[in-house]
Amino acid sequence: MTSKASLRAALLALAGLVSACGGGGGDSSCLIPDLCGGSSSGGSSGGSNSGVTAAKSRLKVLGPVNDATGTRYGSGQLVLAPSSRTLGFVARLEDIRNTNNPRPLAGYDINLDVLSGGTAYTKARSVVLSSDGVCPATGGARGATTDASGEVTFCFVAPPTSEVDAGDELALSLRASAFLPTTAGSTSVTAVRDSFALYVENPSNSYTLTVAGPNGEPTDAATVGAGETLSGFTATLASEAGASLPSPRPFVRLTSSLGDIVGTTASGGTVNSRGVLNFGYKGGCPDSAATTEVVTLTAAATVGGQPVEQEYNLNVVRRATTLSITLPSGGSAFYSGDTLQGISYRLVRSGGGSVAATPITVQAAVVTNGISTPVGKFIEPVTGDFGNPLTLPASSSGSLTLNYQAESGLRSNQTVTLTAGASDDSLCIRSTATSKTLQVQQKGTGSLVLLGDSGEPSGGISLGQEEIGSLVIRALDGRGNAVPDVAISLSASSGRIEIPGSPGASTAATGADGSLLIDYVAPSTIAEEGSATLTASGTVDGRALSGSYRVLLVPPTPPSAPVLTLSGPGEASPGIERTGYVARLQRLDGTAVQGTTVNLTASNGTVTVYEAGTPRPGVTALATDATGKLSFSLTPSSSLSSDTTAVITAAVASGQALSAECSSNADAVCSRSSNVTVRKDRFQFTAPLYGAAVAVGSANAQALNFAWQTADGSSVAECVDLSVSFTGAGDASYGLIVGSDPTPQTQKRRAQLNASGAFSTPISVYSDRSGFLEITARENRGCAATASGPLTATTGVQFFDEVCGTTSDGRNCVDLSAPVRVLTSPDSSGAQRTATLTLDVRNNAYQPIDGAPVSFTITSPVSCAGALNERVFPGGGTTNANGTATTQYFVPNFSPQLANGTSCQVEIQGCVRGRSGSDPDAVFCSTRTVIVQQPTP
């Protein structure tokens, strides 16, 4: 027996011993313990198959398929070369409890290692294939989990020639291991193993020549476009015995069946110290009838008298090309004589590849009966080349960007067809073409457009006597473009037109944006509703144009009548002060009347005025505050033999400026009375005070306290019927909460009083919207189905919404509206002019806030010297159900009088105060600038 045969026999015997580990027994069947690993209590089974044990499992290592026989190599039959990478090894794990029908075991971990003489050998590797099916040259996973077939596929990387002497061989075993439960259901595991024997043989010294594509692609795997260059090919000379190449280093001859070898000399080159020659290939053009052609690259060399040769096949593809035209956004239609900028032509080859410098021919033409007539011209925006047709080279990206100037002076619309074509057989690009159409429109006649400065159309502005409205005139050409420097002549059927900065002028030119701002001053006397027509005329593109705008004229309205109102509790008890009464003076339009003295009297008991929350005993008359309000209390007489009625009367004091209106205006209400029932029984809400301010939201519900006592002080444990009424903004819910049970706002609730005459169950009120909620309690002795008895009690809560600066979507919560421009006082009748200011207050949901306290101030007085009698009055108020409050700006007169047309500015601010988040006293404001202008006669 030869030494190689003896070695192979010994290896086969060793492989048999290693294979005896597992697959039919526990550790006792392992003849070489160091290789089997024995039993252990740790590790992972890698699966959850019920009843599987190591003793009834089998692990087999199978060799790759022999291409000659179609069957797998058996253990000991495979001989491999050093540094080779061999695919196709399989480790298969099976359940052999049914020996006639073994079942694959999926989901178990298989460990892979290499042994030499029973000892781990690290110069070779058994590794799992990479995700793309390649056997990794370095690294790689030394194990994997079995698939549905119970298998793990792996490859073997042989040791280098340095580990195997020339003419010798190395015997190795590829071992696979799995760890399965020793007994069914136990956590202790036992190794199941199998090995595959093979040989790594280093034959006596001979040489090989290999050719690989870029990134190591094997033959037939690489593809290149015709005319394209593909670099990264290698021709490698190597000694099978690992010996060094002879000196001088060999020359490798290179040839191709189509195309050219590049990156070295045309015939080849000398390998480097590693035996490698790098080169590239430029694809030739396949036969015109073919799309793809297989090209053979041949490398040949003679080393030590031994000729070696290797062929490499790759695909050369005739690329398809596309040519596209992209118009700029909105560029499919434009006007005669205009230039359409940025038409993009792009040539693209499928699969990539440069099309730089490929000529592209473009044309723009009108097609009539199949005949194309060029119109307009193309302009290259960088070089200035122009023409129609025009041929220019594509850029490195295959693109060409041009401008197209349409034919001028068209008298009708024109359809223009853009065509483009490209062809260059030197790059094997077949001819390609494309087209697109444009609509060139005849220019229109242009227009003069008049709009209010906020975009109001004709008829959208209403003005009173000598009020000012601002308009914008826009000059547009037939394409809708703004035209600057157009002289505009102006006229009005009544009133007058003023041009800011040009007193007395009736003609002005449009600015750079094609617009002109003008002011229209309404007539000083407007007897009835009517309108004035403003006319503008000018010349655009040689055409005379005109435009008009209608302003509605509104006659003055009489001052809104003052109205005095009273509010507060409707019942009181003898000798006990009852607060919450308010006299409020405002006009019918909602404007508060500030600074007017109101007298207060009571037919029973005394009235006490509260000033800024402080009682002033003995004072029964006081001026209204900025909101038009006067707060007071009523204390009925303590000596009362029977129930009675106290009549509270509020009246505007005589001798004031408002007194004349009270007597002359039929709509004026300057005196008001209210009846308050005074009963011996104490039947009333003890909290909250009438008119208490509470934030909206059920989380801020206001608790109600009640007391019912007879005249002798005895508590009454009966029932009361409760109901609510609401006045305010929005449509969100409100109502009573009894315990934790909300009551629909349209229903009443019956409440039981305890032995102290108070509510036996906590009761509160809430509102999800701002406004005033009044709560009424009615006597119900015996807790009957309906209320009985004369006793009633009321209290009220002013719910206020949180104020804000801007809503979540960016809208202003507080917005002051004011006229842009007003004329100085006096008016034509000698009276002081006024302008209405309106403050709009919204919550975060942009819903109106009712009852919010607001203030108005002049933050920057009129900028011209000599102003007299300038003020805002009233200086405050509360918002109504629409969330608005109004005041008047009294326009000053000047001493000395301003020059005609002089303009000044005043800055006015409206603010709201209230809760915002954690700030109980937040303030948000809106400011407007008003132009005060001296009239021009």
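Being a predicted model, the structure only gives us computed values, none of them experimental.

J.: Could you clarify how one ought to interpret the overall build of the protein in this entry?
T.: Counting secondary structure elements, the protein contains three helices and 72 strands. In terms of C-alpha radius of gyration, the protein reaches 51 Å, well past the compact-globule figure of 30 Å for 937 residues. Dimensions along the principal axes, computed over C-alpha positions, put the protein at roughly 145 × 95 × 50 Å. Evaluated residue by residue, the protein yields a buried proportion of 43% over its 937 residues. At a minimum sequence separation of 6, the contacts of the protein that also span at least 24 residues come to 71%. Of the roughly 42200 Å² of accessible surface on the protein, 48% is carried by carbon and sulfur atoms. With 56 positive and 71 negative side-chain charges, the protein shows a separation of 4 Å between the mean positions of the two kinds.

J.: How do you make sense of the pairing of strand β8 (residues 125-128) when you look at a structure like this?
T.: One face of the sheet, then the other: side chains in a regular strand alternate in exactly this way. Along β8, one buried face is formed by R125 and V127 and the opposite face, lined by S126 and V128, is buried too. As paired strands, β8 and strand β10 (residues 151-157) are joined by four bridges and run antiparallel to one another. Residue pairing in the sheet places R125 in a bridge with V157 of β10.

J.: Explain unusual backbone geometry here, please?
T.: Negative phi characterises most residues that are not glycine, and trans characterises most peptide bonds. A cis amide bond links A687 to the next residue, P688, at an omega of 0°. Here P688 is to be found in the loop between β52 (682-687) and β53 (692-695). Geometrically, the link from S825 to P826 is a cis peptide bond, its omega value of -5° lying close to zero. One non-glycine residue, S83, lies in positive phi territory at about 65°. Assignment of secondary structure puts S83 in the loop between β3 (78-80) and β4 (85-95). Even without glycine at this site, E466 takes up a positive phi of about 60°. Assignment of secondary structure puts E466 in the loop between β34 (462-463) and β35 (468-476).

J.: Could you clarify how one ought to interpret the state of the cysteines in this entry?
T.: Think of a disulfide as a covalent bridge from one cysteine sulfur atom to another cysteine sulfur atom. By the definition in use, this model includes six disulfides. Each sulfur of the disulfide joining C864 and C904 lies 1.7 Å from the other. Looking down the S-S bond of the C864 and C904 bridge, the torsion is -105°, so its handedness is left-handed. Taken together, the positions of C864 in the loop between β65 (853-860) and β66 (867-868) and C904 in strand β71 (residues 903-916) put the pair 40 residues apart, joining distant regions of the chain. In this structure C904 comes out as buried when scored by relative accessible area, which is 1%.

J.: In this structure, what is going on with the pattern of salt bridges? I would like to understand it.
T.: Within the structure shown, the criterion is met by 19 salt bridges. Note that E498 and R496 form a salt bridge whose closest N and O atoms lie 3.0 Å from each other. Classification of R496 as partly exposed rests on a relative accessible area of 24%. Note that D815 and R928 form a salt bridge whose closest N and O atoms lie 2.6 Å from each other. Of this pair, D815 sits in strand β62 (residues 814-817) while R928 sits in strand β72 (residues 919-933), placing them 113 residues apart in sequence. With relative accessibility at 31%, the residue R928 sits in the partly exposed group. The structure contains a network of salt bridges with shared partners spanning D95, R97 and R103.

J.: Quick question: what am I supposed to make of the pairing of strand β16 (residues 251-256) here?
T.: With three bridges joining them, β16 and strand β18 (residues 268-270) adopt antiparallel strand pairing. Note that in β18 the partner of F251 across the bridge is T270. In the sheet, β16 pairs with strand β20 (residues 292-303) via four bridges, with the strands oriented antiparallel. The residue bridging R253 from the neighbouring strand is A300, located in β20.

J.: When you look at helix α3 (residues 657-664) in this model, what are you seeing that I'm missing?
T.: Residues of α3 that are buried include every one of L658, S659 and E661, and no others. Taken around the axis of α3, the buried residues stretch over an arc of 165°, which confines them to a single face. Turned more than 90 degrees away from the buried face of α3, the exposed residues are A657, S663 and S664. Of the surrounding elements, those touching the buried residues of α3 are β42 (562-567), β44 (578-587) and β50 (644-652).

J.: What is the right way to look at the sheet that holds strand β43 (residues 571-572) in this model?
T.: For sheets, the rule is that strands pair by backbone hydrogen bonds, running either parallel or antiparallel. One open sheet holds the five strands; their spatial order is β43-β51-β50-β45-β48, and the pairing between them is mixed. With partners counted over all chains shown, the strands left at the sheet margins are β43 and β48 (621-623), one partner each. Inspection of the sheet shows strand β45 (residues 597-602) paired to β48 by three bridges, in the antiparallel sense. Bridging from a neighbouring strand, T597 pairs with A623 of β48.

J.: Explain the sheet that holds β44 here, please?
T.: Across the sheet, five strands lie side by side as β42-β44-β49-β46-β47; this open sheet has antiparallel pairing. Of all strands in the sheet, those bounded by a partner on one side alone are β42 and β47 (614-616). Averaged over all pairs of adjacent strands, the angle between their axes in this sheet comes to 30°, without regard to strand direction.

J.: Before we go on, may I ask you to explain the domain arrangement of the protein in this structure?
T.: When the parts come together, some accessible area is lost, and that loss is often what is quoted as the size of the interface. Annotation of the protein at the domain level lists domain 1 (57-200), domain 2 (207-316), domain 3 (447-553), domain 4 (562-678), domain 5 (682-800) and domain 6 (814-934). Using only C-alpha atoms to locate each centre, domain 4 and domain 5 end up separated by 25 Å. Between domain 4 and domain 5, the contact holds ten residues from the first and nine residues from the second. Interface area for domain 4 against domain 5, summed over the two sides, is near 760 Å², with a carbon-plus-sulfur share of 43%. It is E571, S573 and R578 that lose the most area in domain 4 upon contact with domain 5, and together they represent 49% of the buried surface on that side. The tally of links from domain 4 across to domain 5 stands at zero salt bridges. On inspection of domain 4 and its partner domain 5, the count reaches four residue pairs in polar contact (both at pLDDT 80 or more).

J.: Just to check I follow, could you spell out the environment of A687 for this structure?
T.: Secondary-structure assignment places A687 in strand β52. As for A687 and A707, which are separated by 20 residues in sequence, their C-alpha atoms are 9.7 Å apart. When sequence neighbours within four positions are dropped, the list of residues in contact with A687 reads A703, L704 and N705.

J.: Please explain the nonpolar core as it appears in this structure.
T.: Counting 32 residues, the largest nonpolar core has I110, F156, L172, L180 and L198 as the members making the most contacts within it. The element contributing the most residues to this core is strand β11 (residues 168-181), with six residues.

J.: Can you walk me through the environment of T743 in this structure?
T.: Inspection of the secondary structure puts T743 in the loop between β57 (741-742) and β58 (749-752). Judged by relative accessible area, T743 falls into the buried class, the value being 3%. Each C-alpha atom, one on T743 and one on L476, is 63 Å from the other, the two residues being 267 residues apart in sequence. Apart from the residues lying within four places of it in its own chain, the contact partners of T743 are Y734, G735, L736, V738 and R749.

J.: What am I meant to see in the packing of aromatic side chains here?
T.: Aromatic rings considered in pairs are described by the distance between their centres and by the relative angle of their planes. The final tally for this structure, using the stated rule, is twelve aromatic pairs. Pairing F89 with F196 gives two aromatic rings, centres 5.7 Å apart and planes at 80°, and the pair type is edge-to-face. Within this pair, whereas F89 is found in strand β4, its partner F196 is found in strand β12 (residues 189-202), the two being separated by 107 residues in sequence. Each member of the pair, F89 together with F196, is buried. Residues F726 and Y734 carry aromatic rings whose centres are separated by 4.8 Å and whose planes lie at 20° to one another, so their mutual orientation is stacked. Judged by relative accessible area, which is 12%, Y734 ranks as buried. Taken together, the ring pairs connect F683, F685, F706, W708 and F759 into an aromatic cluster. Positioned above the aromatic ring of Y846 is the side chain of R842, whose terminal nitrogen or guanidinium carbon lies 4.9 Å from the ring centre. Taking NZ or CZ as reference, R871 lies 3.9 Å from the ring centre of F890, over its face.

What counts as what
- Residues numbered from 1 in each chain as written.
- Predicted model: local features only at pLDDT ≥ 70, side-chain atom pairs only at ≥ 80, totals over all residues.
- Heavy atoms only, no water.
- Helix = DSSP H or I, 4+ residues; strand = E, 2+ residues; numbered from the N terminus.
- Rg over C-alpha atoms; globule rule 2.2 N^0.38 Å.
- Buried < 20%, exposed > 50% of the residue type's maximum accessible area, 1.4 Å probe, protein only.
- Contact = heavy atoms within 4.5 Å.
- Areas by Shrake-Rupley, 256 points an atom, 1.4 Å probe, with all protein chains shown as cover.
- Lys, Arg positive; Asp, Glu negative; His and termini not counted.
- Charge placed at Lys NZ, Arg CZ, Asp CG, Glu CD.
- Pairing = 2+ DSSP bridges.
- Disulfide = S-S within 2.5 Å.
- Salt bridge = Lys/Arg side-chain N within 4 Å of Asp/Glu carboxyl O.
- Arc of directions from axis to C-beta.
- Axes fitted to C-alpha atoms, helices over the stretch in contact; angles between N-to-C directions.
- Domains from an automatic or database assignment.
- Buried area = accessible area lost by both parts, 1.4 Å probe.
- Polar contact = N/O pair within 3.5 Å; in protein donor to acceptor, adjacent residues only side chain to side chain.
- Core = buried A, V, L, I, M, F, W, Y, C linked by side-chain atoms within 4.5 Å.
- Phe/Tyr/Trp six-rings, centres within 6.5 Å; stacked < 30°, edge-to-face > 60°.
- Lys NZ or Arg CZ within 6 Å of the ring centre and 35° of its normal.

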